[in-house]
Amino acid sequence: MTQPNLQLRDIHLPPPPGWWPLAPGWWILIAACLLLMGAAAWWWRRRMLERRRHAAVLAELDRARDRYGNDGDLPAYAREVSQLLRRVARRHDASVVVQQGNAWSASLQALAPKVDVMPLASLETVLYRPSATLDVDAVHRSADAWLRVALPVRRRHRA
């Protein structure tokens, strides 16, 4: 038997979903964005520190030339430039620290094949014969060009 007075109510819908709490996909997206931003910040900081170090090395070369311009001490200039070149070369190959003569020139050429390293080879002559002459401008240009090529460390370290 049906009752004529009984009325059915309309379908009751749940409330629309809110924006909080976020669905798992959004959490994954936020985590991925945070990781990417952290990696980008780490890379940028590392790059800035590397640029500062490179600028400091090039500034040290310029200071050595300025000191030579002030006091005219050629052996001191040759020593400073030679030590600077060896410090940078040591980052690529630790054995270059003890090399001399043709082996040292070959190592310089290997690290920067397109740079003329002949003026740099004359640094050793001035180190051991203070009366020797040196074309300071050519050495400075060659050292600057060599440092600009050799400063970015390649990932091929040899023991």
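Preceding this paragraph is the structure being described.
Once a new chain begins, its residue numbering starts again from 1 and follows that chain's sequence as written. Given that this is a predicted model, residues contribute local features only at a pLDDT of at least 70 and side-chain atom pairs are listed and counted only at 80 or more, while totals for whole chains, interfaces and linings are drawn from all residues. Side-chain figures throughout are based on the complete set of non-hydrogen atoms in the structure, without hydrogens or water.

Re the overall build of the chain
Stage number 1. Strands are runs of DSSP state E lasting at least 2 residues, helices are runs of H or I lasting at least 4, and numbering of each runs from the N terminus. The helix and strand inventory of the chain stands at six helices and zero strands.
Stage number 2. Reading the secondary structure of the chain in the N-to-C direction produces α-α-α-α-α-α.
Stage number 3. If you line up the chain on its principal axes, its C-alpha atoms span 125 × 35 × 20 Å.
Stage number 4. For the chain, the proportion of its 159 residues judged to be buried stands at 30%. Between buried and exposed lies partly exposed: a residue is buried under 20% and exposed over 50% of the maximum accessible area for its type, with that area taken using a 1.4 Å probe on protein chains only.

As for unusual backbone geometry
Stage number 1. In this model, W20 is joined to P21 through a cis peptide bond whose omega is 0°.
Stage number 2. Tracing the backbone through its elements, the reader meets P21 in the segment before α1 (24-71).

Points about α1
Stage number 1. The end-to-end C-alpha distance of α1 is 70 Å, a good match for the 70 Å that 48 residues give at a rise of 1.5 Å each.
Stage number 2. By definition in these notes, contact holds between two residues if any of their heavy atoms fall within 4.5 Å. Those residues of α1 that are buried are in contact with α2 (74-90) and α6 (136-150).
Stage number 3. Two residues or fewer past α1, G72 is found with a positive phi of approximately 70°. Expected span of a helix, by definition, is 1.5 Å for each gap between consecutive residues, and there is one gap fewer than residues.

So, helix α3 (residues 101-111)
Stage number 1. Buried residues of α3: W104, S105, S107, L108 and L111, and no others. Taken end-on, α3 shows its buried residues confined to a sector of 160°, consistent with a single buried face. Away from the buried face of α3 by more than 90 degrees, exposed residues N102 and A110 are located. The arc in question is the one spanned by the directions pointing from the helix axis to the C-beta atoms.

Let's talk about a nonpolar patch on the surface
Stage number 1. Taken together, the side chains of W19, W20, W27, I30, L34 and M37 make up a nonpolar region of the molecular surface, amounting to roughly 770 Å² of accessible area.
Stage number 2. As for its placement among the helices and strands, W19 is situated in the segment before α1.
Stage number 3. Residue W19 is classed as exposed on the basis of its relative accessible area of 69%. Patch definition: residues above 30% relative accessible area lacking any salt bridge, with like charges linked at up to 9 Å and the nonpolar side chains Val, Leu, Ile, Met, Phe, Trp and Tyr linked at up to 5 Å. Computed with the Shrake-Rupley method and a 1.4 Å probe, the accessible areas treat only the protein chains shown as cover for residues. Salt bridges are counted wherever a side-chain nitrogen of Lys or Arg sits within 4 Å of a carboxyl oxygen of Asp or Glu.

Description of the pattern of salt bridges
Stage number 1. This model, assessed by the stated rule, comprises six salt bridges.
Stage number 2. A salt bridge links R87 to E60, with the shortest nitrogen-to-oxygen separation between them at 2.8 Å. Taken as a pair, R87 in helix α2 and E60 in helix α1 lie far apart in primary sequence, 27 residues in all.
Stage number 3. With a relative accessible area of 36%, R87 lands in the partly exposed category.
Stage number 4. On the accessibility criterion, E60 (25% relative accessible area) is partly exposed.
Stage number 5. Notably, a salt bridge pairs R86 with E124, separated by 3.2 Å at the nearest N-O pair. Highlighted residues: R86 in helix α2 and E124 in helix α5 (residues 123-128), separated in sequence by 38 residues.
Stage number 6. Taking relative accessible area as the criterion, E124 reaches 15% and is therefore assigned buried.

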